[in-house]
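# Descriptive structure summary
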Amino acid sequence: MKQAIGVDIGGGSIRVSLFDESGNELKSNQSKTPDHLDNDSFLKTLTETIRPLLKDNIGIGVGSPGPLNSETGILLTSANMVGIENVPIKQTLEKEFLLPVFYENDANCAALGEAYFGSYKGCESQLILTLGTGVGGGFVKHGVLYTGYLGNGIEIGHTTSVIGGALCGCGARGCVESYFSTRGFLNRYFESTNTKLPHAESFFELVRKEDQVAKEILHFGTLALAHAVRGAIHLLNPEAVVFVGGITNSFDLFGEQLEKEIRSNIFPILNERLKLGKGRNLSGTLGAASLVFANKKV
Ligand SMILES: [Zn+2]
């Protein structure tokens, strides 16, 4: 059975796992990323974390937050890792390990992993939304990831749900992630109550306790998300729409309304065939390893 390495580069750590083609994790390793980073120290940590897992695999898949250039395999900058810039990830790993290396942003990796090993595997096409700090997305058709030109496509979180709406981290107004994401919920709650909540769980806890402000924010956010998904469904006509990410732990609080809003506002022909639901929330490393399995040439 073929095996591949998946690498998940996060803010504070690098996680690496070896998987077989069925998605079983065979081995894993991880490192903390050094406090004071430069390209060389980062790449050294990366290669040394991968090295112990090298035996008998067909390639290395790498995922990280963007912005990146998936074609040249360069991590351009990182909001979470200060001190690194234009890091040649693909080139360095290919030279070091003499294996094919595939590199995509982590939302794309999560989408591909979900499409290969998740709740709706086997569907012709899937639109996968990652609901977390922000809102990420990925589109997979016939097992192939649509990445857009140079790998920054399907940024569904920054499609507009509310014209002239709340200011988003990207600088624009009314993006769906200003209304439905950890950042969005906390900012909207602060705006209404002047109370800073520490994380999404505390927000959802308030919703469970029937806090009216939190309930209204979630209700409106769900409508905003439904509108964004509606637009994406009409653009892409996917067989399945799948929701993953930390916020889906509270799917019971919004899932039903979300599905109802989406289904009642799309063309009936699309609605009849559409599958929609919560994904399996697989690891970032499995998502990255699926980049290797997805590449038929390997
Ligand atoms: Zn935005």
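Residues numbered from 1 in each chain as written. Predicted model: local features only at pLDDT ≥ 70, side-chain atom pairs only at ≥ 80, totals over all residues.

Moving on, we get to the sheet that holds strand 10 (residues 135-141). Here we have five strands laid out as an open sheet, ordered 11-10-9-12-13, and mixed in their pairing. Since the sheet does not close on itself, it has two edges, and those belong to strand 11 (144-146) and strand 13 (275-278), each with one partner. In this sheet, neighbouring strand axes are inclined to one another by 25° on average, regardless of whether the strands run parallel or antiparallel. Taken together, the seven bridges between strand 9 (residues 125-131) and strand 10 define a ladder with antiparallel strand orientation. Along strand 10, the bridge assignment pairs S125 with K141. (Pairing = 2+ DSSP bridges. Helix = DSSP H or I, 4+ residues; strand = E, 2+ residues; numbered from the N terminus. Axes fitted to C-alpha atoms, helices over the stretch in contact; angles between N-to-C directions.)

Along strand 8 (residues 101-105), five of the five residues are buried, which leaves the element largely enclosed by surrounding structure. Side chains V101, Y103 and N105 of strand 8 all project onto a buried face; the interleaved residues F102 and E104 project onto the opposite face, where all are buried too. (Buried ≥ 20, exposed ≤ 12 C-beta atoms within 10 Å, placed from the backbone.)

Right, let's talk about the domain arrangement of the chain for a bit. Considered domain by domain, the chain is made up of domain 1 (3-109 + 283-295) and domain 2 (122-278). Placing the centre of domain 1 and that of domain 2 at their C-alpha centroids yields a distance of 27 Å. Contact with domain 1, which involves eleven residues of that partner, is made by eleven residues of domain 2. Sorting the residues of the side of domain 1 that touches domain 2 by element identifies strand 5 (68-69), strand 8 and helix 3 (106-117) as the ones contributing at least two each. (Domains from an automatic or database assignment. Contact = placed C-beta atoms within 7 Å.)

It is worth spelling out the packing of helix 5 (residues 200-208) against helix 6 (residues 212-236) at this point. Remark: helix 5 packs on helix 6, axes separated minimally by 7 Å, with the N-to-C direction vectors making an angle of 110°. Our classification of the angle between helix 5 and helix 6 gives roughly perpendicular. Judged by residue contacts, F203, L206 and V207 of helix 5 engage A214, K215 and L218 from helix 6. Partitioned by chemical class, the residues of the contact of helix 5 with helix 6 number five nonpolar, no polar and one charged. (Parallel < 35°, antiparallel > 145°, perpendicular 65-115°, else oblique. Nonpolar A, V, L, I, M, F, W, Y, C, P; charged D, E, K, R; others polar.)

Our next topic: helix 5. All of the buried residues in helix 5 are A200, F203, F204, L206 and V207. With its buried residues spanning 150° around the axis, helix 5 presents them on a single face. Of the surrounding secondary structure, the elements contacted by the buried residues of helix 5 are helix 4 (182-193), helix 6 and helix 7 (251-263). Phi turns positive, to about 65°, at E210, one or two residues after helix 5. (Arc of directions from axis to C-beta.)

Attention now moves to the sheet that holds strand 6 (residues 74-75). Pairing is antiparallel in the open sheet, where three strands are placed in the order 5-6-7. Single-partner strands in this sheet number two, and they are strand 5 and strand 7 (87-88). As judged from the two bridges shared by strand 5 and strand 6, these two strands associate in the antiparallel manner. The residue bridging N69 from the neighbouring strand is I74, located in strand 6.

Here the focus is unusual backbone geometry. The phi dihedral of D56 falls on the positive side, at around 50°, and the residue is not glycine. For D56, the position within the fold is in the loop between helix 1 (39-50) and strand 4 (60-64). Phi is positive for N281, which is not a glycine, with a value near 50°. Residue placement: N281 occurs in the loop between strand 13 and helix 9 (284-294). On the basis of neighbour counts, which here come to 17 C-beta atoms within 10 Å, the residue N281 falls in the partly exposed class.

Counted at 1.5 Å a residue, the expected span for helix 7 with its 13 residues is 18 Å, and the 17 Å between its end C-alpha atoms agrees. Looking at the buried residues of helix 7, the elements they touch are helix 6 and strand 13. (Expected span 1.5 Å × (residues − 1).)

Here the focus is the pairing of strand 12 (residues 240-244). The buried fraction of strand 12 is high, at five of five residues. As judged from the five bridges shared by strand 9 and strand 12, these two strands associate in the parallel manner. Paired with L129 across the strands is F243, a residue of strand 12. Pairing between strand 12 and strand 13: four bridges, direction parallel. Looking at strand 13, one finds that V242 is bridged to G277.

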